[in-house]
Amino acid sequence: MAKTVLITGASSGIGAGMAREFAQKGYNLAICARRIERLETLKQELESQYGVKVIAKTLDVTNYEQVFEVFRAFKNDFGTLDRVIVNAGVGEGRRIGKGNFEINRSTVETNFISALAQCEAAVEIFRAQNSGHLVVISSMSAMRGMPKHLTAYGASKAGVAALAEGIRAELIDTPIKVTTIFPGYIRTEINEGAKKLPFEVDEKTGSRLLAAEIDKEPVKAYVPKWPWLPLGLAMKVLPLRIVNKLG
Ligand SMILES: NC(=O)c1ccc[n+]([C@@H]2O[C@H](COP(=O)([O-])OP(=O)(O)OC[C@H]3O[C@@H](n4cnc5c(N)ncnc54)[C@H](OP(=O)(O)O)[C@@H]3O)[C@@H](O)[C@H]2O)c1
């Protein structure tokens, strides 16, 4: 029987891109985000192009009750959820101490607390099934403290990576797998308008590489592997002044 992947933040960027990649591989899709019209268009595209089953639901991940309701409803619709990708996120951060606490607070809320809600809802379902693959989308900005607009964002992504590792530790003797993904720069709506980004790849390339890595169910993966795997290791030990150049 075809496996089912749930993806949050599937209305654009790598969420939509990964939905396309997994549909092409024959997976059924549970897709959610706030922009339901976009999800409905994607559903029609995937069903007609790949003949898979796609269900789209509205979800604001900062509405924590709704996270649990929507995940449970998807589980009821499909019978089993084989993989949940915690992908919804925003990149709206501002420099610290310049009067933008509200923007930074909401970045951390969407990227970290909402990710916790999604992990709770997913793992509850996986525990009941005694199976499942939890995938958390962190970022290369989680490697070290980042300057400028990336400070709160990077902290939220470091939080998400620590959360995923903790869940992996908790579930280590169970059949439930946990993967942390550290994407490098992928050109999507999140960085729309930004000047050239270091080592950036386009949405299609990024999504293809992400889906291929996720299917291997690794503990963690840097995507694209080159140059981000060696850079990630270097970032952990280089002086902050040099790491700053990647921000
Ligand atoms: N692109 C990169 O270079 C890069 C690098 C590292 C990590 N990432 C991470 O990858 C993930 C996807 O980002 P992207 O690059 O694909 O950007 P994107 O095109 O802006 O996509 C973000 C997705 O998150 C959803 N989202 C945002 N706030 C939400 C909320 N409150 N409730 C539900 N959904 C919400 C958006 O859907 P709606 O607006 O329709 O709700 C959208 O589908 C993010 O977690 C991001 O931090 C991206």
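In case you missed it, the structure is sitting above this.
Residues numbered from 1 in each chain as written. Predicted model: local features only at pLDDT ≥ 70, side-chain atom pairs only at ≥ 80, totals over all residues. Heavy atoms only, no water.

### Looking at the overall build of the chain
Turning to step 1, where the next piece is worked out: A count of helices and strands for the chain gives eight helices and seven strands.
Turning to step 2, where the next piece is worked out: The globule rule puts the C-alpha radius of gyration for 247 residues at 18 Å, and the 17 Å found for the chain is close to it.
Turning to step 3, where the next piece is worked out: With the principal axes as the frame, the chain shows a C-alpha extent of 50 × 40 × 35 Å.
Turning to step 4, where the next piece is worked out: Split into buried and exposed, the 247 residues of the chain put 51% on the buried side.
Turning to step 5, where the next piece is worked out: Of the accessible surface of the chain, which amounts to about 11,600 Å², a share of 55% is contributed by carbon and sulfur atoms.
Turning to step 6, where the next piece is worked out: Across the chain, the mean location of the 33 positive side-chain charges is 8 Å away from that of the 26 negative side-chain charges. (Helix = DSSP H or I, 4+ residues; strand = E, 2+ residues; numbered from the N terminus. Rg over C-alpha atoms; globule rule 2.2 N^0.38 Å. Buried < 20%, exposed > 50% of the residue type's maximum accessible area, 1.4 Å probe, protein only. Areas by Shrake-Rupley, 256 points an atom, 1.4 Å probe, with all protein chains shown as cover. Lys, Arg positive; Asp, Glu negative; His and termini not counted. Charge placed at Lys NZ, Arg CZ, Asp CG, Glu CD.)

### Focus: the pairing of strand β4 (residues 83-86)
Turning to step 1, where the next piece is worked out: Here β4 shows no split at all, with Arg 83 and Ile 85 on one side and Val 84 and Val 86 on the other all buried.
Turning to step 2, where the next piece is worked out: Here strand β1 (residues 4-8) pairs with β4 via three bridges, running parallel. Looking across to β4, one finds that Val 5 is bridged to Arg 83.
Turning to step 3, where the next piece is worked out: In this sheet, strand β5 (residues 133-137) lies alongside β4 in parallel orientation, the contact comprising four bridges. Following the sheet pairing, Val 84 is matched in β5 by Leu 134.
Turning to step 4, where the next piece is worked out: After leaving β4, the chain enters helix α4 (residues 101-129) and then returns to the sheet as β5, a path that is right-handed. (Pairing = 2+ DSSP bridges. Right-handed = clockwise from strand over helix to strand, strands pointing away.)

### What to know about the packing of aromatic side chains
Turning to step 1, where the next piece is worked out: Tallied over the full model, the rule gives four aromatic pairs.
Turning to step 2, where the next piece is worked out: Where Phe 199 meets Trp 228, the ring centres are 5.8 Å apart and the plane angle is 90°; that geometry is what we call edge-to-face. With a gap of 29 residues between them, Phe 199 in the loop between β6 (177-183) and α6 (203-215) and Trp 228 in helix α7 (residues 225-237) connect regions that are remote in the sequence.
Turning to step 3, where the next piece is worked out: Classification of Phe 199 by relative accessible area gives partly exposed; the value is 47%.
Turning to step 4, where the next piece is worked out: Taken together, the aromatic side chains of Tyr 185, Phe 199 and Trp 228 make up a single cluster linked through ring pairs.
Turning to step 5, where the next piece is worked out: The ring of Phe 78 has Lys 53 lying over it, and the distance from NZ or CZ to the ring centre is 5.0 Å.
Turning to step 6, where the next piece is worked out: Taking the ring centre of Phe 74 as reference, the NZ or CZ of Lys 57 above it sits at 5.2 Å. (Phe/Tyr/Trp six-rings, centres within 6.5 Å; stacked < 30°, edge-to-face > 60°. Lys NZ or Arg CZ within 6 Å of the ring centre and 35° of its normal.)

### Quick word on helix α1 (residues 13-24)
Turning to step 1, where the next piece is worked out: If you check α1, its first and last C-alpha atoms are 17 Å apart, about what 12 residues at 1.5 Å a residue would give, namely 16 Å.
Turning to step 2, where the next piece is worked out: Of all 12 residues making up α1, 10 are buried, and the element is well covered by its neighbours.
Turning to step 3, where the next piece is worked out: Among all positions of α1, only Gly 13, Ile 14, Gly 15, Ala 16, Gly 17, Met 18, Ala 19, Glu 21, Phe 22 and Ala 23 are buried.
Turning to step 4, where the next piece is worked out: Close packing links the buried residues of α1 with β1, β2 (28-33), α2 (36-50), β4, β5 and α6.
Turning to step 5, where the next piece is worked out: Looking at the residues trailing α1, positive phi occurs at Gly 26, about 95°. (Expected span 1.5 Å × (residues − 1). Contact = heavy atoms within 4.5 Å.)

### Notes on the pattern of salt bridges
Turning to step 1, where the next piece is worked out: Enumeration according to the criterion identifies 17 salt bridges in this entry.
Turning to step 2, where the next piece is worked out: The salt bridge involving Arg 38 is made with Glu 189; its shortest N-O contact spans 2.9 Å. Of the two residues, Arg 38 sits in helix α2 while Glu 189 sits in the loop between β6 and α6, which places them 151 residues apart along the sequence.
Turning to step 3, where the next piece is worked out: Here Arg 38 falls in the partly exposed class, since its relative accessible area comes to 34%.
Turning to step 4, where the next piece is worked out: Note that Glu 47 is salt-bridged to Lys 43, the shortest N-O span being 3.2 Å. (Salt bridge = Lys/Arg side-chain N within 4 Å of Asp/Glu carboxyl O.)

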